[in-house]
Amino acid sequence: DQQVKQNSPSLSVQEGRISILNCDYTNSMFDYFLWYKKYPAEGPTFLISISSIKDKNEDGRFTVFLNKSAKHLSLHIVPSQPGDSAVYFCAASNSNTPLVFGKGTRLSVIA
Amino acid sequence: DSGVTQTPKHLITATGQRVTLRCSPRSGDLSVYWYQQSLDQGLQFLIQYYNGEERAKGNILERFSAQQFPDLHSELNLSSLELGDSALYFCASSVDVNTEAFFGQGTRLTVV
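Quick caveat, the model's predicted, so the values are computed rather than measured. (Residues numbered from 1 in each chain as written. Chains lettered and ligands numbered in written order. Predicted model: local features only at pLDDT ≥ 70, side-chain atom pairs only at ≥ 80, totals over all residues. Heavy atoms only, no water.)

1. Brief notes about the sheet that holds strand S3 (residues 19-25) of chain A
Residue and element names in this part refer to chain A.
Move 1: Judged by pairing direction, the sheet is antiparallel, and its five strands sit side by side in the order S1-S3-S8-S7-S6 without closing on themselves. The sheet terminates laterally at strand S1 (4-5) and strand S6 (56-59), the two strands that pair on one side only.
Move 2: The pairing of S3 with strand S8 (residues 72-77) spans six bridges and is antiparallel. Across the sheet, the residue bridging to Asn22 is Ser74, located in S8. (Pairing = 2+ DSSP bridges. Helix = DSSP H or I, 4+ residues; strand = E, 2+ residues; numbered from the N terminus.)

2. Overview of the sheet that holds strand S1 (residues 5-7) of chain B
Residues and elements named next belong to chain B.
Move 1: Reading across from one edge, S1-S3-S8-S7 is the order of the four strands in this open sheet, with antiparallel pairing throughout. Two strands lie at the open edges of the sheet, namely S1 and strand S7 (64-68), each paired on one side alone. Between one strand axis and the next, the sheet turns by 15° as a mean value, whatever way the strands run.
Move 2: Pairing of strand S3 (residues 19-24) with strand S8 (residues 74-78) involves five bridges; the strand directions are antiparallel. Opposite Leu21, over in S8, you have Leu76 as the bridge partner. (Axes fitted to C-alpha atoms, helices over the stretch in contact; angles between N-to-C directions.)

3. A short note on the nonpolar core
Move 1: Ranked by size, the top nonpolar core spans 24 residues in total, and within it Val4, Phe33, Trp35, Leu73, Leu75 and Tyr88 of chain A carry the most contacts.
Move 2: Of all the secondary-structure elements, those providing two or more residues to this core are S3, strand S4 (32-38), strand S5 (45-51), strand S7 (62-67), S8, strand S9 (86-94) and strand S11 (105-110) of chain A.
Move 3: In terms of residue count, S9 of chain A provides more of this core than any other element does, four residues in total.
Move 4: Beyond its immediate chain neighbours, meaning those up to four positions away, Phe33 of chain A contacts Tyr25, Ile48, Ser49, Ile50, Ser52, Leu66, Leu73, Ala91 and Ala92 of chain A.
Move 5: If you look at the next biggest cluster of nonpolar residues, it comprises 20 residues, including Val19, Cys23, Ile47 and Tyr49 of chain B. (Core = buried A, V, L, I, M, F, W, Y, C linked by side-chain atoms within 4.5 Å. Buried < 20%, exposed > 50% of the residue type's maximum accessible area, 1.4 Å probe, protein only. Contact = heavy atoms within 4.5 Å.)

4. A look at unusual backbone geometry
Move 1: Look at the link from Val78 of chain A to Pro79 of chain A: it is a cis peptide, with omega at -10°.
Move 2: Here Thr7 of chain B and Pro8 of chain B are connected by a cis peptide whose omega angle stands at -10°.
Move 3: The residue Pro8 of chain B is located in the loop between S1 and strand S2 (10-13) in this model.
Move 4: The backbone of Lys71 of chain A sits at a positive phi, close to 50°, despite the residue not being glycine.
Move 5: On the secondary structure map, Lys71 of chain A appears in the loop between S7 and S8.
Move 6: Judged by relative accessible area, which is 27%, Lys71 of chain A ranks as partly exposed.
Move 7: At Ser80 of chain B, a residue that is not glycine, the phi angle is positive and equals roughly 45°.
Move 8: Structurally, Ser80 of chain B can be placed in the loop between S8 and strand S9 (87-94).

5. A look at the packing of aromatic side chains
Move 1: Evaluated as defined, the whole model comprises 13 aromatic pairs over all chains.
Move 2: Summarising the aromatic geometry, the rings of Phe101 of chain A and Tyr35 of chain B are spaced 5.3 Å apart at their centres and angled 90° between planes, so their arrangement reads as edge-to-face. On the criterion of chain membership, the pair formed by Phe101 of chain A in strand S10 (residues 97-101) and Tyr35 of chain B in strand S4 (residues 31-37) is interchain, its members lying in two chains. Taken individually, Phe101 of chain A and Tyr35 of chain B each receive the classification buried, so the pair is uniform in this respect.
Move 3: Cluster of aromatic residues (ring-pair linked, three or more members): Tyr36, Phe46, Phe89 and Phe101 of chain A together with Tyr35, Phe45, Phe90, Phe102 and Phe103 of chain B.
Move 4: In this structure, Arg55 of chain B packs its charged tip against the face of Tyr50 of chain B, placed 5.9 Å from the ring centre. (Phe/Tyr/Trp six-rings, centres within 6.5 Å; stacked < 30°, edge-to-face > 60°. Lys NZ or Arg CZ within 6 Å of the ring centre and 35° of its normal.)

6. Things to note about the interface of chain A and chain B
Move 1: Taken together, the contacts link 19 residues of chain A with 21 residues of chain B.
Move 2: At the junction of chain A and chain B, the tally comes to zero salt bridges.
Move 3: Inspection of the chain A/chain B interface yields seven residue pairs in polar contact (both at pLDDT 80 or more).
Move 4: The element that contributes the greatest number of residues to the side of chain A that touches chain B is S4 of chain A, accounting for four residues.
Move 5: Of the residues assigned to the side of chain A that touches chain B, the class counts are 10 nonpolar, five polar and four charged. (Salt bridge = Lys/Arg side-chain N within 4 Å of Asp/Glu carboxyl O. Polar contact = N/O pair within 3.5 Å; in protein donor to acceptor, adjacent residues only side chain to side chain. Nonpolar A, V, L, I, M, F, W, Y, C, P; charged D, E, K, R; others polar.)

Right, here's the structure in full:
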């Protein structure tokens, strides 16, 4: 049973436009959500997080939105840059459950 | 550089053998996690230690075991290796539970 789902295996976006990556979760007990970015042959790199008490968190070009009623979160990257091309993982946790990851979405930003 | 160090980076071994993967967490981090990433799969949680004690267990096979030492470094032991154990094994650390975890570069294990 996959508790964190990223239904889009891949996404292509033109440079300068917005990238929107989506994630759904099934466990209503999750209260902390994160996005990681991964380049080939490297470990995942933490990007941004959000607590369940908030519905939006922004850090530079990256914004994460949380919709608790829909059990859905999204990562917006504006403007997208070629260096953003990577696999993006959504993850969720609570105080009793370590990070549970989705299967990832491969983002390609085309110049 | 995340501050999490994993050794070795690559490991090639034969079926039936035993290997040990090592992880040094970021300075000050008490929690260590092990994850497995097989081809085209997401990151599967194996096990978590917090300040030397096992905190949570995921889909870890009985052939696998781990421990966290008093200096907080951790080792993942994989025994009776099978071809299907070939994967990337990541270690991550965090200050506490339910906070962001920082990942090492991973150990690529190839079982032949």
